[in-house]
Amino acid sequence: MKNQINKIKELALKEISKARNLADLEKLRVKYLGRKSELTNVLRGVKDLSKNERKEVGEMANKLRGEIESGIKNQELRIKELEFSGIEEKEKIDVTYPGRKIQKGHLHPLTQVRYEIEEIFKSMGFLTVEGREVEDEFHNFDALNIPKNHPARDLWDTFWLKDGNLLRTHTSPMQVRFMKENKPPFRIIIPGRVFRYEASDATHESNFYHVEGLMVDKKEKITVANLKSTIACFMKNLFGEKTKLRLRPSYFPFVEPGFESDVTCPYCGGKGCRICKGTGWIELGGSGMVNQKVFTSVGFPEDKYEGFAFGFGLDRIAMIKYGVDDVRLFYGGDLRFLEQF
Ligand code: YSA
């Protein structure tokens, strides 16, 4: 029996020291200390031994039981320690490691230009107002001296809605809405999105931006000289002091006289280059002295007030400012393009 106990001891302590997790250790506990274990059997048989043997074998078996119990306890501690040191390794944090950069967004280039334009006009005493994108026929056309069936309506290819309304083709309808609510004198700009039923190309989109201006006061207080100096001041602020303005006669039903407004090309200074197609000038939009018919359509008495208005393509301004040769890039959502601004 003593041999048997020594064999159990050798095997048990060896296996216990090799256990690598708590589940295996539990199996060994059952195997060596459980009710059906060999050692428990030995202990059960001690009573049948002779008196001398009983004492010696009993002591040996009990000692082994204690050894196995403390072997299991020690191994349990070792396993837990090992697991913990693993966690420590896995969850190690290097507080000196450089953090991941948070990508910052920024305003769209068209919004940046819009804000810049608003600031320039604000410094000249202009108030910024916004209109609505869905307009009615009266405000977009009739009130601006563009009656039904008049050929001037063909100047603007229009998206008509099923309910008879339309997507505004310019921000000019807001001139009308503002004058219905406010008496002169006033000076306002109206930036905003406009829509035209046009095929897109490098300089045209069906969805683009306008910035409209309107300044009205009593008759003879506002002249073409005011119009010219205001637009020139705006252009110089935007494109640089050397920029020159040129007004060419043009037709817009809501102004009389009407002009096309050109600026000297900021890239070649007027010498002629790829951007201005060799002409030295770049067209930005229309302007003119407000037609008296527009004043009467909002309820102002005829010949009491005088004023000027203008309407520029905001996208075109942004194209010139940033040297972009295709308006569609502003709407493509390509981050490689947008991140340059
Ligand atoms: C004229 C006189 C005023 O007293 C007031 C406003 C105006 C402007 C007028 N309402 C108008 O819409 N004129 S416009 O049709 O020539 O457009 C003005 C500018 O918008 C153009 O010069 C151009 O710069 C830009 N534009 C026109 N169609 C465009 C466009 N930009 C991008 N895509 C398009 N499809």
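Since we're looking at a predicted model, the values are computed, not measured.

Student: Just checking my understanding: could you explain the overall build of the protein for this structure?
Tutor: Within the protein, the regular secondary structure consists of 11 helices and nine strands. Dimensions of the protein, computed from the C-alpha atoms along their principal axes, are close to 140 × 50 × 35 Å. Residues classed as buried in the protein amount to 43% of the 341 residues present. Put simply, of all contacts in the protein between residues at least 6 apart along the chain, 67% involve residues at least 24 apart. With an accessible surface of roughly 20,100 Å², the protein has 51% of that area assigned to carbon and sulfur atoms. Seen as two clouds, the 57 positive and the 50 negative side-chain charges of the protein have centres 8 Å apart.

Student: Help me understand the sheet that holds strand 8 (residues 281-290) in this model?
Tutor: Overall, mixed pairing links the seven strands, which are arranged 1-4-5-9-8-7-6 in an open sheet. If you trace the sheet from one side to the other, it starts and ends with strand 1 (127-128) and strand 6 (245-250), each paired once. As paired strands, strand 4 (residues 186-195) and strand 5 (residues 207-218) are joined by 10 bridges and run antiparallel to one another. Bridged to Gly 192 within strand 5 is His 210. Packing against the sheet, helix 8 (residues 224-239) makes contact with strand 6, strand 7 (255-264), strand 8 and strand 9 (305-313), and its axis sits at approximately 30° to strand 9.

Student: Even after reading the chapter, I still don't get the site of the ligand, so can you show me in this structure?
Tutor: Around the ligand, a shell composed of 24 residues is seen, among which Arg 196, Glu 198, Glu 205, His 210 and Val 255 lie nearest. One of the side-chain nitrogen or oxygen atoms of Trp 156 is found 3.3 Å away from an oxygen atom of the ligand. Here an oxygen atom of the ligand and a side-chain polar atom of Arg 316 are 3.2 Å apart. Look at the ligand: alone it shows 690 Å² of surface, and the protein chains cover 94% of it. Of the pockets mapped on this structure, the ligand occupies the largest pocket. For the shell around the ligand, the secondary-structure elements that each account for two or more residues are strand 5, strand 8 and strand 9. The dominant element in the shell around the ligand, judged by the number of residues it contributes, is strand 8, at five residues. Residues of the shell around the ligand, tallied by class, amount to eight nonpolar, 10 polar and six charged.

Student: Where do I start with the layout of surface pockets in this structure?
Tutor: Taking a probe equal in size to a water molecule and rolling it over the atoms shows the remaining empty space. Looking at the largest pocket, its volume works out to about 630 Å³. Together, 35 residues line the largest pocket, and Trp 156, Arg 196, His 210, Gly 285 and Gly 311 are the ones closest to its centre. For the lining of the largest pocket, the elements supplying multiple residues, two or more each, are strand 5, strand 7, strand 8, strand 9 and helix 10 (314-322). No other element matches the six residues that strand 8 contributes to the lining of the largest pocket. Residue composition of the lining of the largest pocket, by class: 14 nonpolar, 13 polar and eight charged. Volume-wise, the second largest pocket comes out at about 480 Å³. Every element with two or more residues in the lining of the second largest pocket is listed here: strand 6, strand 8 and helix 10.

Student: How should the side chain of Glu 205 be read in this particular structure?
Tutor: Among the secondary structure elements, Glu 205 is positioned in the loop between strand 4 and strand 5. Among buried Asp, Glu, Lys and Arg side chains, Glu 205 stands out as unpaired, with Arg 328 the closest opposite charge at 5.7 Å.

Student: Just checking my understanding: could you explain the packing of helix 1 (residues 2-18) against helix 2 (residues 22-33) for this structure?
Tutor: In helix packing, the relevant descriptors are the interaxial angle and the interaxial distance, both defined with respect to the helix axes. Put simply, helix 1 and helix 2 touch, their axes get as near as 10 Å, and they point 170° apart. When the axes of helix 1 and helix 2 are compared, the pair comes out roughly antiparallel. For the pair helix 1 and helix 2, contact is made by Ile 8, Leu 11, Ala 12, Glu 15 and Ile 16 and by Leu 25, Leu 28, Lys 31 and Tyr 32, respectively.

Calculation notes
- Residues numbered from 1 in each chain as written.
- Predicted model: local features only at pLDDT ≥ 70, side-chain atom pairs only at ≥ 80, totals over all residues.
- Heavy atoms only, no water.
- Helix = DSSP H or I, 4+ residues; strand = E, 2+ residues; numbered from the N terminus.
- Buried < 20%, exposed > 50% of the residue type's maximum accessible area, 1.4 Å probe, protein only.
- Contact = heavy atoms within 4.5 Å.
- Areas by Shrake-Rupley, 256 points an atom, 1.4 Å probe, with all protein chains shown as cover.
- Lys, Arg positive; Asp, Glu negative; His and termini not counted.
- Charge placed at Lys NZ, Arg CZ, Asp CG, Glu CD.
- Pairing = 2+ DSSP bridges.
- Axes fitted to C-alpha atoms, helices over the stretch in contact; angles between N-to-C directions.
- Near = heavy atom within 4 Å.
- Polar contact = N/O pair within 3.5 Å; in protein donor to acceptor, adjacent residues only side chain to side chain.
- 1 Å grid on protein atoms, 1.4 Å probe; cavity = no way out; pocket = protein on both sides within 12 Å on 5 of 7 lines; lining within 4 Å.
- Sits in = over half its atoms within 2 Å of the grid points.
- Nonpolar A, V, L, I, M, F, W, Y, C, P; charged D, E, K, R; others polar.
- Points joined across faces, edges and corners; volume = space filled by probe spheres on them.
- Salt bridge = Lys/Arg side-chain N within 4 Å of Asp/Glu carboxyl O.
- Parallel < 35°, antiparallel > 145°, perpendicular 65-115°, else oblique.

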